[in-house]
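# Summary of structural features
Single-letter residue listing:
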Amino acid sequence: MYAVKANPSPDLLRVLWDNGITHYDVASIAEVRLVATTLPGATLCFMHPVKAPEAIAEAYHTHGVRVFSLDSMEELAKIMAATDDATDLTLCVRLRVSSEHSKLSLASKFGAAPGETRELLFAARQAADALGICFHVGSQAMTPEAYAQAMERVRIAIVDAGVTVDVVDVGGGFPSSYPGMEPPPLERYFATIHRAFESLPISYSAELWAEPGRALCAEYSSVVVRVERRRGDELYINDGAYGALFDAAHLGWRFPVTLLREPDSNARDMAFSFYGPTCDDMDHMAGPFMLPADTQAGDYIEIGMLGAYGAAMRTAFNGFGSGDTVIVDDEPMVSLYTDEEIDTVPSNVVTL
């Protein structure tokens, strides 16, 4: 299932649907409504472990959602009350697992701890039509070992609780390729997960699920920005920390960049940092971003691999937030799905 939070663009949702993605991980009632409206035939799975009662009720009674995640007895009681003790639910108990192999941890906020899982799995088994176990190893997992460790945690939880499990959901975390972050081929992740899944003490008909977000959308779009000022090796651009470059500013993410100038610059590349357009000092992207040394005010730069958590994180702070979307037909700047490095000026959707 596609994790909608990574990029909720209706155009992207339709692209994914047209290419065979029929299930969607939704994390809020707004995402439930968005996907239900955009893709009426989609199967929605409400995988946020803490939900408002009215959101659960609307999802179940109005939009036909039957899959819910939880990580506490309180949430289980809330789901059952909001669905009028429904008997057709798939309930996925989220386990807390390590994020040590990922670039962005998701190990603190959600997930049942080892001492909590037995009671919760047993209670969910009694209430559910189908019982699942899910987890999230963290965003941008850089080694398949992250999933091997998490699946061992699943095995221990199943044995300890003595329940029959119908679904194992390995969550998200599947990586994309960025400068300085070149993960192994995705096939190695899949092979590791399948080996672990086959060794679990689960129902013979149990299903294996995953919730990729970044891996399905990172290559979908770029942002084209204009240089408003150059100060030494610092470029002032018209997007930034409060726009599509949240990850670059707050997580130190490096994105591939290219200077859009005709004719091409012949200057050698040098390292730049970026300042965004707002009045805030935190609107700073340290990079380094490698661009021709003669980059100057008035130039345009394409920043690639912003399909994941780019447009989804944008705000209108300081009045900066509008932009145009242009559909183009070329390759992404970096890809984990091709055997050869792509040198063309890139991306599938360019946001100006």
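Everything quoted here is computed from the prediction, not taken from an experiment.

### Details of the nonpolar core
Counting residues in hydrophobic clusters, the biggest one holds 96 residues, and the most contacted among them are Tyr-24, Phe-68, Tyr-147, Phe-274, Ile-301 and Ile-303. By residue number, the principal contributor to this core is helix H6 (residues 145–161), which donates eight residues. Met-1, Met-47, Val-67 and Val-167 belong to the second largest nonpolar core, which has eight residues in total.

### Observations regarding the pairing of strand E16 (residues 300–303)
Taken together, the four bridges between strand E11 (residues 221–231) and E16 define a ladder with antiparallel strand orientation. Following the sheet pairing, Val-224 is matched in E16 by Glu-302.

### Observations concerning the sheet that holds strand E10 (residues 207–209)
The parallel open sheet is built from eight strands, whose spatial order is E1-E2-E3-E4-E5-E7-E9-E10. Only two strands of the sheet have a single neighbouring strand rather than two, namely strand E1 (2–3) and E10. The pairing of strand E2 (residues 23–26) with strand E3 (residues 43–46) spans four bridges and is parallel. Across the sheet, the residue bridging to Asp-25 is Cys-45, located in E3. With respect to the sheet, helix H4 (residues 73–82) is in contact with strand E4 (67–70) and strand E5 (90–94), its orientation differing from that of E4 by roughly 155°.

### A short note on helix H7 (residues 186–198)
With 13 residues, H7 should reach 18 Å at 1.5 Å per residue; the first-to-last C-alpha distance of 19 Å fits that figure. All of the buried residues in H7 are Leu-186, Tyr-189, Thr-192, Ile-193, Ala-196 and Phe-197. The arc enclosing the buried residues of H7, seen along the axis, measures out at 130°, which places them on a common side. H7 presents Glu-187, Arg-195 and Glu-198 as exposed residues on the side facing more than 90 degrees away from its buried surface. Residues of H7 that are buried in the fold lie against strand E8 (139–141), H6, strand E9 (167–169) and E10.

Conventions adopted
Residues numbered from 1 in each chain as written. Predicted model: local features only at pLDDT ≥ 70, side-chain atom pairs only at ≥ 80, totals over all residues. Heavy atoms only, no water. Core = buried A, V, L, I, M, F, W, Y, C linked by side-chain atoms within 4.5 Å. Buried < 20%, exposed > 50% of the residue type's maximum accessible area, 1.4 Å probe, protein only. Helix = DSSP H or I, 4+ residues; strand = E, 2+ residues; numbered from the N terminus. Pairing = 2+ DSSP bridges. Contact = heavy atoms within 4.5 Å. Axes fitted to C-alpha atoms, helices over the stretch in contact; angles between N-to-C directions. Expected span 1.5 Å × (residues − 1). Arc of directions from axis to C-beta.

In short, geometric facts, not functional conclusions.
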